[in-house]
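Report on the structure
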Amino acid sequence: MASTKDVLEHHLKCFGSGDLKGILADYAPAAVLFTPDGPLKGVDAIGPLFQAIFAEFAKPGAAFSMKQQSVEGDYAYILWTAETADNVYEVGTDTFVVRDGKIVAQSFAGKITPKG
């Protein structure tokens, strides 16, 4: 069974390569992703969010910078910044709860400023 560190590393690798199938495989079927727009429940609800994120980060000039990464037991935390053609992510933070090798809960918060 994958450790929390293994799941986080796989998740970040899939994010970096735009691997939708791989990133969704990290989630338990009933996982909950808490966002500023409300919770997304289940892989079917989480998928469209990543489709949109991958489309945005696939545009030329996108940059992502990891500022902090911590793992403690079943919990993982990342702090990052990014810039795309559409937005400046002044700060982004994700917290993950991993059980039995799958993400069961995640929260995301960020300060995102649209360009133009």
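Described below are features of the structure shown in this document. (Residues numbered from 1 in each chain as written. Predicted model: local features only at pLDDT ≥ 70, side-chain atom pairs only at ≥ 80, totals over all residues. Heavy atoms only, no water.)

Turning our attention to the sheet that holds strand 5 (residues 87-99). Read from one edge of the open sheet, six strands run 2-1-6-5-4-3, paired in mixed fashion. Where the open sheet ends on each side, the last strands, each with one partner, are strand 2 (38-41) and strand 3 (63-72). Going across the sheet, the axis of each strand differs from the next one's by a mean of 15°, ignoring polarity. Contacts from helix 3 (residues 43-57) reach strand 1 (27-35), strand 2, strand 3, strand 4 (75-83) and strand 5, with the element oriented near 60° to strand 1. (Pairing = 2+ DSSP bridges. Helix = DSSP H or I, 4+ residues; strand = E, 2+ residues; numbered from the N terminus. Axes fitted to C-alpha atoms, helices over the stretch in contact; angles between N-to-C directions. Contact = heavy atoms within 4.5 Å.)

Attention now moves to the packing of helix 1 (residues 4-17) against helix 3. Running from N to C, helix 1 and helix 3 cross one another at 55°; their axes reach a closest spacing of 9 Å. Between helix 1 and helix 3, the angle is such that the two are oblique. Counting all contacts with helix 1, which are made through His-11, Cys-14 and Phe-15, the residues of helix 3 involved are Phe-50, Ile-53, Phe-54 and Phe-57. Taken together, the residues of the contact of helix 1 with helix 3 break down into six nonpolar, one polar and no charged. (Parallel < 35°, antiparallel > 145°, perpendicular 65-115°, else oblique. Nonpolar A, V, L, I, M, F, W, Y, C, P; charged D, E, K, R; others polar.)

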